[in-house]
Amino acid sequence: MVVLAMQNLVIRDFRTKAVLVNGINFTLERNSCLAIVGESGSGKTVILKAILGLTNPSLEASGSVFFDGIDLLQAKGEMIRRIRGRRICMILQDPLTAFDPVYTIGNQMAETLCEHLQISKKEAMKRSLFELQRMNIGEPLDVLKKYPHQLSGGMLQRCMIAIVMAMKPEIIIADEPTTALDSINQNEVLAEFQKIRKEYRTSLIFVSHDLKIVQSLADYVLVLKDGKQVEYGRAEDIFSHPKHEYTKYLLNSRDKVTEAFIKAMSLGIRNND
Ligand SMILES: Nc1ncnc2c1ncn2[C@@H]1O[C@H](COP(=O)(O)OP(=O)(O)OP(=O)(O)O)[C@@H](O)[C@H]1O
């Protein structure tokens, strides 16, 4: 079952007339995961923002993005607000910017749940605890009492995911959700996404520069270059038989980086002998 369909999305800056994104098409199936990849500035973030009607007012989006019979590009006011943050949720790159430093995690989780689920503060606190427990977060009561700066980036990102999961959204959109984290925290967050895929059957759209993460999570991949979609298809096909020169280049650069890393590590090991 298709949950979201983007057809011919074009995004223009109407001050400069520059076309930032041109002709993007994809469909997102229920319980499937689409990764959007491409170099910096290729248009990944503006595409994600367009889905939620969050593009800067100086940009105009045309085409269509259908979700449950509604064209999100045309949806305004209360209609888009009811979908955003409830039925389609976004997880940001840097979890520290998503939390207010002066309130505890519990306060902020409960506040968000109260607002979106129309439940009492007491009920929202109970739900927050339940969601952290459900994600196997150790000492969840302590975590709720902490301030954002007292938790690691990975733990904060997991709290963010817990808030999102409490909404039981149909779609989660994540813009480089692991980029701001070190590798241990990246692995924790990645495991959380694997769990969402397996247990909650939520659909995911995510942007990542890390092709290893893409390979481990995505069912479908959309490759962007200079605002244009150069390849789109099943992840296994794209990784095993990339058609476009740019996709081949991306996959090659990943292999080169890995080779260089292994070489550097083995040199390091020899130097430490
Ligand atoms: N509000 C805006 N006004 C004008 N141009 C913009 C605006 N936001 C983004 N752009 C331009 O749109 C293009 C795509 O930007 P976008 O942030 O989507 O790229 P990206 O692929 O997500 O890059 P990165 O990987 O670095 O985050 C870039 O050329 C950027 O400069």
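Residues numbered from 1 in each chain as written. Predicted model: local features only at pLDDT ≥ 70, side-chain atom pairs only at ≥ 80, totals over all residues. Heavy atoms only, no water.

(A) The site of the ligand, seen in detail. For the ligand, the set of nearby residues contains 15 residues, the closest of which are Ser-40, Gly-41, Lys-44, Thr-45 and Val-46. Within the side chain of His-209, one N or O atom sits 3.5 Å away from an oxygen atom of the ligand. With the chains in place, 64% of the 640 Å² that the ligand exposes on its own is no longer accessible. If one sorts the elements of the shell around the ligand by residue count, helix H1 (residues 44-51) sits on top with 3 residues. Grouping the amino acids of the shell around the ligand by side-chain chemistry returns 3 nonpolar, 7 polar and 5 charged. (Near = heavy atom within 4 Å. Polar contact = N/O pair within 3.5 Å; in protein donor to acceptor, adjacent residues only side chain to side chain. Areas by Shrake-Rupley, 256 points an atom, 1.4 Å probe, with all protein chains shown as cover. Helix = DSSP H or I, 4+ residues; strand = E, 2+ residues; numbered from the N terminus. Nonpolar A, V, L, I, M, F, W, Y, C, P; charged D, E, K, R; others polar.)

(B) Inspection of the environment of Ile-205 at higher detail. In this structure, Ile-205 sits in strand E8 (residues 203-207). A relative accessible area of 0% places Ile-205 in the buried class. Remark: the alpha-carbon pair of Ile-205 and Gln-150, spanning 55 residues in sequence, is separated by 29 Å. If we ignore the near neighbours within four places in the chain, the residues touching Ile-205 are Leu-4, Phe-26, Leu-28, Leu-34, Ile-36, Leu-48, Ile-51, Ile-171, Ile-172, Ile-173 and Ala-174. (Buried < 20%, exposed > 50% of the residue type's maximum accessible area, 1.4 Å probe, protein only. Contact = heavy atoms within 4.5 Å.)

(C) Fine view of the environment of Gln-194. Take Gln-194: it is sitting in helix H8 (residues 183-200). For the pair Gln-194 and Leu-217, spaced 23 residues apart in sequence, the C-alpha to C-alpha distance is 6.8 Å. With sequence-adjacent residues up to four places away left out, Gln-194 is seen in contact with Ser-216 and Leu-217.

(D) Quick peek at the side chain of Thr-202. Residue position: Thr-202 is located in the loop between H8 and E8. Using a relative accessible area of 3% as the deciding quantity, one classes Thr-202 as buried. Once residues within four sequence positions are removed from consideration, Thr-202 is found in contact with Asn-31, Ser-32, Met-165, Pro-169, Glu-170, Ile-171, Ile-172 and Ile-196.

(E) Seen up close, the packing of helix H4 (residues 105-117) against helix H7 (residues 153-166). Packing of H4 against H7 brings their axes to within 10 Å, and their N-to-C directions diverge by 20°. The angle between the axes of H4 and H7 places the two elements in the roughly parallel class. In this structure, H4 crosses over H7, and the sense of that crossing is right-handed. Contact with H4, carried on its side by Ile-105, Met-109, Thr-112, Leu-113 and Leu-117, involves Leu-156, Cys-159, Ala-162, Ile-163 and Ala-166 of H7 and no other residues of that element. When its residues are assigned to classes, the contact of H4 with H7 shows 9 nonpolar, 1 polar and no charged. (Axes fitted to C-alpha atoms, helices over the stretch in contact; angles between N-to-C directions. Parallel < 35°, antiparallel > 145°, perpendicular 65-115°, else oblique. Left-handed = near helix turned anticlockwise from the far one by under 90°.)

(F) Representation of the UniProt feature "domain: ABC transporter" (unreviewed entry) in the chain within the structure. In the UniProt entry, the feature "domain: ABC transporter" (unreviewed entry) is given for residues 4-251. Taken as a whole, residues 4-251 contains 42% helix and 26% strand, while its terminal C-alpha atoms sit 27 Å from one another. (UniProt positions renumbered as here; feature names shortened; annotations may be inferred.)

(G) Fine view of the pairing of strand E7 (residues 171-175). In terms of residue burial, E7 counts as a mostly covered element, since 5 of its 5 residues are buried. The side-chain alternation of E7 yields two buried faces, one formed by Ile-171, Ile-173 and Asp-175 and the other by Ile-172 and Ala-174. Sheet topology note: the strand E6 (residues 88-91)/E7 ladder contains 4 bridges and is parallel. Along E7, the bridge assignment pairs Ile-91 with Ala-174. Relative to E8, E7 runs parallel, the two sharing 5 bridges. Among the inter-strand pairings, Ala-174 is bridged to a residue of E8, identified as Phe-206. Handedness of the crossover joining E7 and E8 through H8 is recorded here as right-handed. (Pairing = 2+ DSSP bridges. Right-handed = clockwise from strand over helix to strand, strands pointing away.)

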